[in-house]
Amino acid sequence: MKRLFYFLFCFFILLSGCAFNPGDFSNEETQETTGSFNPLTGVFSPYLYYGRSLLTKEEQAGYDFILKAFLTQPATEEEKSRTQIIVQLKENGFFLTEAQVVKIFDFICKDEPRMALLTSSVIPRRSPAISDTYDSLGENPAKTAYFDNAFKGMALGTFWETYHKPQTEEMEEHIAPILESVKEGMTTAQKVRAIHDAFLATVAYGTINSRGDGNLRGAFLNPLNTPDAKVRRVVCQGYAVSFLYLLMRCGIPAITVTGTALSTPGDPDTKGSHAWNKVCIDGEWYLCDPTHDDSPVWNSDSCIYNYFLKADSSVPTHEEGVLPDGSKTGYPVFPKTGTTDYPLEKTEFRQ
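Reference entry: report on the structure contained in this document. These numbers were taken from a predicted model, which means no experiment stands behind them. (Residues numbered from 1 in each chain as written. Predicted model: local features only at pLDDT ≥ 70, side-chain atom pairs only at ≥ 80, totals over all residues. Heavy atoms only, no water.)

The secondary structure content of the protein chain amounts to 10 helices and eight strands. Expressed as a percentage of the 351 residues in the protein chain, the buried residues total 53%. Look at the contacts in the protein chain between residues 6 or more apart in sequence, and 73% of them connect residues 24 or more apart. By element, 51% of the accessible surface of the protein chain is carried by carbon and sulfur atoms, the whole surface being about 15,500 Å². (Helix = DSSP H or I, 4+ residues; strand = E, 2+ residues; numbered from the N terminus. Buried < 20%, exposed > 50% of the residue type's maximum accessible area, 1.4 Å probe, protein only. Contact = heavy atoms within 4.5 Å. Areas by Shrake-Rupley, 256 points an atom, 1.4 Å probe, with all protein chains shown as cover.)

Next up, the structure:
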């Protein structure tokens, strides 16, 4: 059964004046990031789905401020010696309640595939040393938010210099050839297929290291430390967030979707927690499931397209926001697809 190693701490909120408009994520509003994007500190600014479509203007400003704190390398000796990422909200003019801070952080984690590499927090921490970090009733503005880095208790300077930067550099070595599959003159749909095919040639379903099978580590690092190994192991969440990251690196709006699906393609009886993607092409959203499109043969570079750029109605096996027992769970608003699949023949690219 596919296991989802990702917390579902979500809020089902539609704020007045903030309803989602697919046009907000049209490809014309994005720009190519391949080749110029800084994987340590770069921000996918125009197309952060949750941060740009489900927050008030005040919350969005707080979202950007908190995200920047995560992507900023500590510079001073005081910052380097900290063991937590500290975000001073109130003194910087952000008057957000604890509930708003938690919601913002949850949305950042859903928008930004690198967050699992940066933090081990599920929610912002209270500091036992500062009693007024949050108002006890949650009604007054939060003063300070504390977040654990990926290795709780490690100094931030040590984390960045001896772990995060080397890890990112190694990941980039594996990511670069996949991004190179995107050629000049490709349409957005052709780019999605190029990334889909190149990515699935490098991964297989399974677990080598539980710290990486559900995030970018599993897809782009080699936990077995064998440089000649071709295929890396990930579970569905690892497929989804890694595919999302590759698409975002190419300026293609996409999200990760969580819910329930068949545990094994073709098995009509067994369902489990699952993660997949939705991709926006020319203002229209389409379902993609890289896990189920991967070849069942380990170490194979082939793939299928049964779950590639599909309409929701074409994939009834996938139920977003539903637990395996059929119960609903709180989850953010997932965009609905159009009524028809994207024509597969239009995703082929011939130079």
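Next comes the rest of the description.
Empty space within the second largest pocket amounts to approximately 440 Å³. Lining of the second largest pocket is provided by 21 residues; of these, Ala69, Thr72, Glu79, Arg82 and Ile86 occupy positions nearest its centre. Tallying contributions element by element places strand E1 (residues 84–88) first for the lining of the second largest pocket, with five residues. (1 Å grid on protein atoms, 1.4 Å probe; cavity = no way out; pocket = protein on both sides within 12 Å on 5 of 7 lines; lining within 4 Å. Points joined across faces, edges and corners; volume = space filled by probe spheres on them.)

For glycine 338, the location among the structural elements is in the segment after strand E8 (319–320). For glycine 338, a relative accessible area of 14% puts it in the buried group. In this structure, the C-alpha to C-alpha distance between glycine 338 and aspartate 312, residues 26 residues apart in sequence, is 7.6 Å.

If you walk across this open sheet you meet the four strands as E7-E6-E5-E8, and the pairing is antiparallel. Both edges of this open sheet fall to strand E7 (284–288) and E8, since each of them pairs with a single strand only. Looking at chain direction, strand E5 (residues 254–262) and E8 are connected through two bridges and run antiparallel. Residue threonine 260 lies in a different strand from E8, and its bridge partner there is glutamate 319. Against the sheet, helix H9 (residues 236–249) makes contact with E5, strand E6 (271–281) and E7, and its axis sits at roughly 10° relative to E6, the strand it touches most. (Pairing = 2+ DSSP bridges. Axes fitted to C-alpha atoms, helices over the stretch in contact; angles between N-to-C directions.)

Another point: the pairing of E1. Two faces make up the sheet, and in a regular strand the side chains alternate between them. Because side chains alternate across E1, one face comprises the buried residues Ile85 and Val87, and the other comprises Gln84, Ile86 and Gln88, none of which is buried. Direction of pairing for E1 relative to strand E2 (residues 144–148): antiparallel, over a ladder of five bridges. Looking at E2, one finds that glutamine 84 is bridged to aspartate 148.

The next thing to look at is the pairing of E6. Extensive coverage of E6 is indicated by the burial of nine of its 11 residues. By the bridge criterion, nine bridges tie E5 to E6 in an arrangement that is antiparallel. Each bridged residue has a counterpart across the sheet, and for threonine 260 the counterpart in E6 is serine 273. Judged from the five bridges that link them, E6 and E7 form a sheet pairing that is antiparallel.

Relative orientation and spacing of two packed helices are given, respectively, by the angle between their axes and the distance between those axes. In contact at an axis separation of 10 Å, helix H2 (residues 57–70) and helix H4 (residues 98–111) are set at 60° when each is read in the N-to-C sense. The angle between H2 and H4 places the two elements in the oblique class. Judged by the sense of rotation from one axis to the other, the crossing of H2 with H4 is right-handed. In this structure, H2 uses Glu59, Gly62, Tyr63, Ile66, Leu67 and Phe70 to contact H4, whose residues at the interface are Gln100, Val101, Lys103, Ile104, Phe105, Phe107, Ile108 and Asp111. Here the residues of the contact of H2 with H4 sort into nine nonpolar, two polar and three charged. (Parallel < 35°, antiparallel > 145°, perpendicular 65-115°, else oblique. Left-handed = near helix turned anticlockwise from the far one by under 90°. Nonpolar A, V, L, I, M, F, W, Y, C, P; charged D, E, K, R; others polar.)

Counted under the stated rule, the structure contains 15 salt bridges. In this structure, lysine 165 and glutamate 161 form a salt bridge, with 3.7 Å as the shortest nitrogen-oxygen distance. Residue lysine 165 and its partner glutamate 161 are located together in helix H6 (residues 156–179), separated by four residues, close to a single helical turn. Looking at lysine 165, the relative accessible area reads 24%, which means it is partly exposed. Put simply, glutamate 172 and arginine 249 hold a salt bridge, and the shortest N to O gap is 2.9 Å. One end of the pair, glutamate 172, is in helix H6; the other, arginine 249, is in helix H9, and 77 residues separate them in sequence. Three or more residues are tied together by salt bridges with common partners; here these are Lys278, Asp312, Glu320 and Lys336. (Salt bridge = Lys/Arg side-chain N within 4 Å of Asp/Glu carboxyl O.)

With that out of the way, let us pick up the packing of aromatic side chains. Under the criterion given, the structure shown has 16 aromatic pairs. A centroid spacing of 5.9 Å and a plane angle of 75° characterise the contact between tyrosine 49 and tryptophan 285, whose relative ring orientation is edge-to-face. Separated by 236 residues along the polypeptide, tyrosine 49 in helix H1 (residues 49–53) and tryptophan 285 in strand E7 bring together distant segments of the chain. Its relative accessible area of 1% is what places tyrosine 49 among the buried residues. Relative to tyrosine 163, the ring of phenylalanine 159 has its centre 5.8 Å away and its plane inclined at 35°; by these criteria the two rings are tilted. One end of the pair is phenylalanine 159 and the other is tyrosine 163, both in helix H6 and four residues apart, which spans about a single turn. The pair phenylalanine 159 / tyrosine 163 is uniform in exposure class, with both members buried. Joined through ring pairs, the aromatic side chains of Tyr49, Tyr50, Phe107 and Trp285 make up one cluster. (Phe/Tyr/Trp six-rings, centres within 6.5 Å; stacked < 30°, edge-to-face > 60°.)

Time to look at the environment of isoleucine 281. Considering the arrangement of structural elements, one finds isoleucine 281 in strand E6. Taking relative accessible area as the criterion, isoleucine 281 reaches 2% and is therefore assigned buried.

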